[in-house]
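# Structure at a glance
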Amino acid sequence: SNGNLPCIVELETGNCPSGGITDLTKTKCCDESCGQCGGPGCHLRPGGEEACCVEDVATPCSENTFPCSISPVQTFNNAEL
């Protein structure tokens, strides 16, 4: 269908801050320069383990720093009781 577009890998941005891409679980974000967030071989990507591996990341993305953790959407705060 979109045959005239250049063949580029679609980066998953999910709910990440600008310039970030999400990992496979859609719960963590890395700088898009990693090319892929988390997963096997993350320590080999540009930026290394500190930038691209996310297993132990706890910093909330609201701080606009990578890597970060997307807080789960809090639905019960505004629920009508």
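Right above here is the structure, for reference.
## Overview of the state of the cysteines
Summed over all chains, the structure comprises 5 disulfides. Here cysteine 61 pairs with cysteine 68 through a disulfide, and the sulfurs are 1.9 Å apart. Linking cysteine 61 and cysteine 68, the disulfide has an S-S dihedral of approximately 85 degrees and is accordingly described as right-handed. Cysteine 68 gets classed as buried once you look at its relative accessible area, which sits at 0%. Cysteine pairing for the protein chain (bonded cysteines numbered in sequence order): 1-2, 3-5, 4-7, 6-8, 9-10.

## Quick word on the nonpolar core
Ile21, Cys30, Cys34, Cys37, Cys42, Cys52, Cys53, Val54 and Val57 together form the largest nonpolar core, which totals 9 residues. Grouped together as the second largest cluster of nonpolar side chains are 5 residues, Cys16, Cys29, Cys61 and Cys68 included.

## Here's the deal with unusual backbone geometry
Each neighbour pair has its own omega, and for phenylalanine 66 with proline 67 the value is -10 degrees, a cis peptide bond. Here proline 67 shows up in the loop between helix H1 (48–52) and strand S3 (68–69). With a phi angle near 60 degrees, lysine 26 is a residue other than glycine that sits in the positive phi range. Structurally, the position occupied by lysine 26 is in the loop between strand S1 (20–22) and strand S2 (28–31). A positive phi angle is found at asparagine 64, which is not glycine, with a value near 55 degrees. If you trace the backbone, asparagine 64 turns up in the loop between H1 and S3.

Criteria and cut-off values
- Residues numbered from 1 in each chain as written.
- Predicted model: local features only at pLDDT ≥ 70, side-chain atom pairs only at ≥ 80, totals over all residues.
- Heavy atoms only, no water.
- Disulfide = S-S within 2.5 Å.
- Buried < 20%, exposed > 50% of the residue type's maximum accessible area, 1.4 Å probe, protein only.
- Core = buried A, V, L, I, M, F, W, Y, C linked by side-chain atoms within 4.5 Å.
- Helix = DSSP H or I, 4+ residues; strand = E, 2+ residues; numbered from the N terminus.

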